[in-house]
Amino acid sequence: MWIRGKIFFNNEVIDGCVNFDRKIKEIRKDCKPDIDVPQGKIIFPGSIDMHVHVRGMNLSYKENVRTATSEAAYGGVTVIVDMPNTVPYINTAERVQERLREFANFSRTDYGIYSGVTSDERVDKLPIAGYKVFPEDLEKPELQFVLSSKKLKILHPELPLSIKQFRDLREMWQEIASLNLIYGRFHITHITNYETLIKAKELGFTTDFTPHHLLLDEIRGNCLTKVNPPIRDLTERRKLIKALFEADAVASDHAPHTLQEKMQPYELCPPGIAAVSFTTPFIYSLVKKGILSLTRAVDLVSRNPAKILGINAGEIKEGNVADFTVIDFDKDWRYHTQYSKVVETPFDEYSLDVSIYMTIIEGKVAYDGYEVYPIRGMNLFENS
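Residues numbered from 1 in each chain as written. Predicted model: local features only at pLDDT ≥ 70, side-chain atom pairs only at ≥ 80, totals over all residues. Heavy atoms only, no water.

As annotated in an unreviewed UniProt entry, the chain carries the name Dihydroorotase and is attributed to Acidianus infernus. According to the UniProt record, the Cofactor (unreviewed entry) comment for the chain is "Zn(2+)". (UniProt positions renumbered as here; feature names shortened; annotations may be inferred.)

What follows is the structure in structure tokens.
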């Protein structure tokens, strides 16, 4: 199959064609296209979200693999990597294999999964993306096995103390201090402040930030804005703007809950924002505003996540998986979820300057601007 249009290739936008089946086969100047992308739209490498809570299994009432990956495709995301804190918790070989079967049957994007911290040595031989280390894991003896693994580790940067005290006491120093308890191949996710970014870089770790830690004010009493780690004050959020230019990646930390759960009293309601479809159009909106370059945007949403994860994606080149995100720079809109079970988020009606024109996954049109189609995503860590 051939797609023709303006293509982001080798850090510039060119007029050209890409030939692909499930993988990219050839890139050249002209062709007889199967898909002809109109003017005002650019073909980018598919977006990769390193931090998604798909839920599913016993938490399918919140979200499941089909709804989460459909929402991802709607938002231009072609690869998602799932966190292990569903029910049952994913940290044994049997549960990892069950989770992979669930994704193989229902995922509409390419995918990977993280295992939780474990002492089950069989997990390390399975095709996982790596391990997720939560604050409570930092004092578990099985952490030593995970630290010895060559696979990627993803840290939620807070101390074990942080989750045992009142929310108002979860301060920045606890986030920064947690970086001193780890070593090796670590990625620090959802940093909330610039000091964490600086410390992580000093220690040789990669980092990501979320749009909600950058844009939102956590309003006490409004559970829609309640997340972990907490959103910092206005001063720290303004300093965090530097992450747009210095962090390695951006992630959604898509964390769905039912509206009934979010309507509970603030002290009891679960933390999390569902926004897997927000991140890509938000980052490319910053390009249209002149805040980010195209190269920097692609680094944040595609190229750097692929490098950190070690997968053949995130760049339009021969041999990579045929995942593309086509952005319409002429169509603005106001954000809303479409396929997620979450129908209300704090980003609702947020004005975005670009939209998703098309999402192509494994060489098939997964979203055409109107509808998500039931294509079959693949585990990109199967042979990594």
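Bringing the overall build of the chain into the picture now. Summing up its helical and strand segments, the chain has eleven helices and 18 strands in all. The C-alpha atoms of the chain give 20 Å as radius of gyration, which agrees with the globular expectation for 384 residues (21 Å, within 12%). Here the C-alpha coordinates of the chain stretch approximately 60 × 45 × 40 Å along the principal axes. Residues counted as buried form 61% of the 384 residues belonging to the chain. Nonlocal contacts in the chain, meaning residues at least 24 apart in sequence, comprise 69% of its contacts between residues at least 6 apart. (Helix = DSSP H or I, 4+ residues; strand = E, 2+ residues; numbered from the N terminus. Rg over C-alpha atoms; globule rule 2.2 N^0.38 Å. Buried < 20%, exposed > 50% of the residue type's maximum accessible area, 1.4 Å probe, protein only. Contact = heavy atoms within 4.5 Å.)

So, about the pairing of strand β14 (residues 324-328). Of all five residues that make up β14, five are buried, and the element is covered over most of its length. Here β14 shows two buried faces, one formed by Phe324, Val326 and Asp328 and the other by Thr325 and Ile327. Pairing of strand β5 (residues 41-45) with β14 involves five bridges; the strand directions are antiparallel. When the bridges of β14 are listed, Ile42 appears paired with Ile327. (Pairing = 2+ DSSP bridges.)

This next bit is on the packing of aromatic side chains. According to the stated counting rule, one finds 17 aromatic pairs in the structure shown. Taken together, the aromatic side chains of Tyr74, Phe278, Phe282, Trp333, Tyr335, Tyr339, Phe347, Tyr350 and Tyr367 make up a single cluster linked through ring pairs. Sitting over the ring of Tyr266, Lys226 keeps its end group 5.2 Å from the ring centre. Lying across the ring of Tyr194, Lys242 places its NZ or CZ 4.5 Å from the centre. (Phe/Tyr/Trp six-rings, centres within 6.5 Å; stacked < 30°, edge-to-face > 60°. Lys NZ or Arg CZ within 6 Å of the ring centre and 35° of its normal.)

Another point: the packing of helix α10 (residues 279-288) against helix α11 (residues 294-309). Packing of α10 against α11 leaves a shortest axis separation of 9 Å and a crossing angle of 170°. Judged by the angle between their axes, α10 and α11 are roughly antiparallel. Contact with α10, carried on its side by Ile283, Tyr284 and Val287, involves Leu294, Ala297, Val298, Leu300 and Val301 of α11 and no other residues of that element. (Axes fitted to C-alpha atoms, helices over the stretch in contact; angles between N-to-C directions. Parallel < 35°, antiparallel > 145°, perpendicular 65-115°, else oblique.)

Time to look at the sheet that holds strand β10 (residues 152-155). Here we have eight strands laid out as an open sheet, ordered β6-β7-β8-β9-β10-β11-β12-β13, and parallel in their pairing. Each of the sheet's edge strands pairs with one partner strand only, and the pair in question is β6 (47-52) and β13 (249-250). Examined bridge by bridge, strand β11 (residues 186-188) and strand β12 (residues 206-209) share two bridges and lie parallel to one another. Bridge assignment links His187 to a residue of β12, and that residue is Thr206. Contacts between α11 and the sheet are confined to β6, β7 (77-82), β8 (110-116), β10, β11, β12 and β13, with β6 contributing the most and set at about 60° to the helix.

Excluding glycine, residues mostly have negative phi values, and the peptide bonds linking residues are mostly trans. Residues Val87 and Pro88 are joined by a peptide bond in cis, for which omega reads 5°. Looking at where Pro88 falls in the secondary structure, it is placed in the loop between β7 and α2 (93-106). Of the consecutive residues Asn228 and Pro229, the connecting peptide bond is found in the cis state with omega at -10°. Note that Pro229 resides in the loop between α6 (211-215) and α7 (234-240). Of note in the backbone geometry, Arg55 takes a positive phi value of approximately 70° without being a glycine. Tracing the backbone through its elements, the reader meets Arg55 in the loop between β6 and α1 (65-74). Using a relative accessible area of 7% as the deciding quantity, one classes Arg55 as buried. Positive phi, normally seen in glycine, also occurs at Met57, with a value near 50°. With respect to the helices and strands, Met57 occurs in the loop between β6 and α1. You can call Met57 buried: its relative accessible area is 15%.

This paragraph deals with the UniProt feature "domain: Dihydroorotase catalytic" (unreviewed entry) in the chain. Cross-referencing UniProt, the feature "domain: Dihydroorotase catalytic" (unreviewed entry) maps to residues 40-121 in the present numbering. As a span, residues 40-121 carries 29% helix and 29% strand, and end to end its C-alpha atoms are 51 Å apart.

A few words on the UniProt feature "domain: Amidohydrolase-related" (unreviewed entry) in the chain. What UniProt calls "domain: Amidohydrolase-related" (unreviewed entry) maps, in this numbering, to residues 230-365. End-to-end, the C-alpha atoms of residues 230-365 are 37 Å apart, and along that stretch the chain is 30% helix and 15% strand.

Here we take up the environment of Leu147. When you line up the elements, Leu147 lands in helix α3 (residues 143-148). By relative accessible area, Leu147 is classed as buried at 7%. Residues Leu147 and Ser355, 208 residues apart in the sequence, show an inter-C-alpha distance of 40 Å. Contact partners of Leu147, with chain neighbours within four places excluded, come to Lys153, Tyr183 and Phe186.

With that out of the way, let us pick up the environment of Thr345. One can find Thr345 in the loop between β15 (333-334) and β16 (351-352). Each C-alpha atom, one on Thr345 and one on Arg170, is 23 Å from the other, the two residues being 175 residues apart in sequence. Those residues in contact with Thr345, other than ones at most four positions away along the chain, are Ala274, Tyr335 and Thr337. In this structure the side chain of Thr345 is engaged in a polar contact, spanning 3.1 Å, whose partner is the backbone nitrogen of Phe347. Of note is the side chain of Thr345, whose polar atom sits 3.0 Å from the side chain of Asp348. (Polar contact = N/O pair within 3.5 Å; in protein donor to acceptor, adjacent residues only side chain to side chain.)

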